Amino acid sequence: MQLLDGKKILAEIKEELLQKVQTYVQKGSRPPCLAAVLVGNDGASQTYVASKEKNSEQCGFVSRILRFDESTTEAQILLEIEKLNNDPSLDGFIVQSPLPSHISAQKVFDAIDPSKDVDGFNTLNTGKLAKGMNSFVPATPLGIVELLKRYKIETSGKHCVVIGRSDIVGRPMSILLSLPNATGNATVTLCHSKTQNLKNFTLQADIIIAALGKAEFLTADMVKEGAIVVDVGITRIEDKTKKLGFRLAGDVKFDEVAPKCSFITPVPGGVGLMTIASLLQNTMKAYEQRFSTLNS
Ligand code: NAP
């Protein structure tokens, strides 16, 4: 069994991005700029956004966080998005989920200029992805594809079972793996809460992507010998022995599943870090597309 080490690959990608930024800056360009819009005080969101800021700065990007009170209206957020869309010093931005319930997340995502939509949640980018066109792809599934690629894991002809069909993880994951290209060409089964006898499918899988958000759901009896298992889940489990009062659990019962696998991602240290890596890569892509458009 080999670990798919998100920490190692994130460090590699940050180094590659830093080299690129230094080259662009030496040639007289400004560095790429990524902003995050944060509404309310959700603890996990604060942690994610702080981590995104730290990692962007480490690869030479300019990072901005725009914080808004929980009571901010949808109209005010839409106005802020318009300002960010029109800001030439900014290449990409994200609006951190979850948003307060009085704000429509999809309305907000659809207000983002598609060329700055580095989270890939805008409907135009979703449609382009489905058609295999150049687009911004949601960072978590994109990060998983990158992780498999960097470990030279072949997807062509493999049976991939994706558990979970959310807009941000499972569905785009199933599309990416089925696209006719070097990181796709898999036979994909997309499972969800209405799937009957899930184990029937997972036992046939060469690659399992577990993205359902149920702690330690995937057990050893559901996985065939030699499978590759990618654990997307992050659930906070109360644990009074930890400083923060909780531990993070994935969707996979790691200790019993890992010995059966050829490759497996740890939680933490796997997909979460690859999500950050892909967000940074998407920001670089937005920056490069922006300047190639300006120069053409
Ligand atoms: P979500 O929107 O809640 O979607 C969960 C999906 O799992 C749904 O499609 C649901 O089916 C399916 N599901 C639920 N119970 C199931 C069961 N017993 N059997 C089969 N399918 C089941 O969640 P999400 O946003 O995709 O996130 C999933 C997990 O990944 C969460 O733990 C989240 O925290 C984590 N996550 C991690 C990262 C990262 O960077 N590592 C990024 C995003 C999310 P229905 O559609 O039928 O309801």
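Residues numbered from 1 in each chain as written. Predicted model: local features only at pLDDT ≥ 70, side-chain atom pairs only at ≥ 80, totals over all residues. Heavy atoms only, no water.

Trainee: Would you mind going over the pattern of salt bridges in detail, with residue names and values included?
Mentor: Applying the stated criterion across every chain, the model contains 16 salt bridges. Of the charged contacts in the structure, one is a salt bridge between Glu12 and Lys8, with a shortest N-O distance of 3.9 Å. In this pair, Glu12 and Lys8 are both assigned in helix α1 (residues 6-26), four residues apart and thus about one turn of the helix distant. Using a relative accessible area of 43% as the deciding quantity, one classes Lys8 as partly exposed. A salt bridge links Asp87 to Arg64; the nearest nitrogen and oxygen atoms lie 3.0 Å apart. Here Asp87 is found in the loop between α3 (74-85) and β4 (92-95), whereas its partner Arg64 is found in strand β3 (residues 62-68), with 23 residues between them in sequence. (Salt bridge = Lys/Arg side-chain N within 4 Å of Asp/Glu carboxyl O. Helix = DSSP H or I, 4+ residues; strand = E, 2+ residues; numbered from the N terminus. Buried < 20%, exposed > 50% of the residue type's maximum accessible area, 1.4 Å probe, protein only.)

Trainee: Talk me through the sheet that holds strand β1 (residues 2-3); I want residue IDs and the actual numbers.
Mentor: Taken in spatial order, the six strands make up an open sheet running β1-β11-β8-β7-β5-β6, and their pairing is parallel. Each of the sheet's edge strands pairs with one partner strand only, and the pair in question is β1 and β6 (187-191). Alignment of strand β5 (residues 159-163) against β6, held across five bridges, turns out to be parallel. Note that in β6 the partner of Val162 across the bridge is Leu190. (Pairing = 2+ DSSP bridges.)

Trainee: Let's hear about the site of the ligand: which residues, and what values?
Mentor: Around the ligand, 20 residues are found, and the nearest of them are Arg165, Ser166, Ser193, Ile234 and Thr275. The side chain of Ser166 places a nitrogen or oxygen atom 2.5 Å from an oxygen atom of the ligand. Contact distances for the ligand include 2.8 Å between an oxygen atom and a side-chain N or O atom of Thr275. Top contributing element to the shell around the ligand by residue count: helix α10 (residues 271-295), with three residues. Looking at side-chain class alone, the shell around the ligand contains nine nonpolar, nine polar and two charged residues. (Near = heavy atom within 4 Å. Polar contact = N/O pair within 3.5 Å; in protein donor to acceptor, adjacent residues only side chain to side chain. Nonpolar A, V, L, I, M, F, W, Y, C, P; charged D, E, K, R; others polar.)

Trainee: Tell me about the pairing of β3, and please be specific about residues and values.
Mentor: The sheet contact formed by strand β2 (residues 33-39) and β3 spans seven bridges and is parallel. Across the sheet, Leu34 pairs through a bridge with Ser63, a residue of β3. The β-α-β motif built from β2, the intervening helix α2 (residues 43-58) and the parallel element β3 has right-handed crossover chirality. (Right-handed = clockwise from strand over helix to strand, strands pointing away.)

Trainee: Account for the layout of surface pockets, naming residues and giving values.
Mentor: Here the second largest pocket defines a volume of roughly 320 Å³. Per-element accounting of the lining of the second largest pocket gives the leading share, four residues, to helix α6 (residues 139-150). For the lining of the second largest pocket, the per-class residue count stands at seven nonpolar, seven polar and three charged. (1 Å grid on protein atoms, 1.4 Å probe; cavity = no way out; pocket = protein on both sides within 12 Å on 5 of 7 lines; lining within 4 Å. Points joined across faces, edges and corners; volume = space filled by probe spheres on them.)

Trainee: Summarise the sheet that holds β2; cite the residues concerned and give the values.
Mentor: The strands making up a sheet are joined through hydrogen bonds of the backbone, oriented either antiparallel or parallel. Spatially, β3-β2-β4 is the arrangement adopted by the three strands of the open sheet, whose pairing is parallel. In this open sheet, the two strands that pair with only one neighbour each are β3 and β4. When strand polarity is set aside, the average angle formed by the axes of neighbouring strands in this sheet is 15°. One ladder, built from four bridges, connects β2 with β4; its direction is parallel. Each bridged residue has a counterpart across the sheet, and for Ala35 the counterpart in β4 is Phe93. Sheet contacts for α2: β2, β3 and β4; angle to β3, the most-contacted strand, approximately 160°. Along the sheet, α3 contacts β2, β3 and β4; its crossing angle with β3, the most-contacted strand, is approximately 165°. (Axes fitted to C-alpha atoms, helices over the stretch in contact; angles between N-to-C directions. Contact = heavy atoms within 4.5 Å.)

Trainee: Describe in detail the domain arrangement of the protein chain, supporting the description with residues and values.
Mentor: Entries for the protein chain in the domain assignment read domain 1 (29-113) and domain 2 (139-272). In this structure, domain 1 and domain 2 have C-alpha centres spaced 28 Å apart. (Domains from an automatic or database assignment.)

Trainee: Lay out a nonpolar patch on the surface in plain terms, naming residues and giving numbers.
Mentor: A surface patch of nonpolar side chains, amounting to about 250 Å² of accessible area, comprises Tyr48, Ile234 and Leu248. Assignment of secondary structure puts Ile234 in the loop between β8 (228-231) and β9 (235-238). (Patch = residues over 30% accessible without salt bridge, like charges linked within 9 Å, V, L, I, M, F, W, Y side chains within 5 Å. Areas by Shrake-Rupley, 256 points an atom, 1.4 Å probe, with all protein chains shown as cover.)

Trainee: Account for empty space enclosed by the protein, naming residues and giving values.
Mentor: Inspection of the entire model under this criterion finds one cavity of 30 Å³ or more. Approximately 50 Å³ is the volume attributed to the largest cavity. Lining the largest cavity are Leu34, Ala35, Ala36, Val49, Lys52, Glu53, Ser56, Ser63, Arg64, Ile65, Ile94 and Leu279. Looking at the lining of the largest cavity, the elements that each hand over two or more residues are β2, α2 and β3. Residue contributions to the lining of the largest cavity peak at four residues, all from α2. Each residue belonging to the lining of the largest cavity can be placed in one class, and the counts come to seven nonpolar, two polar and three charged.

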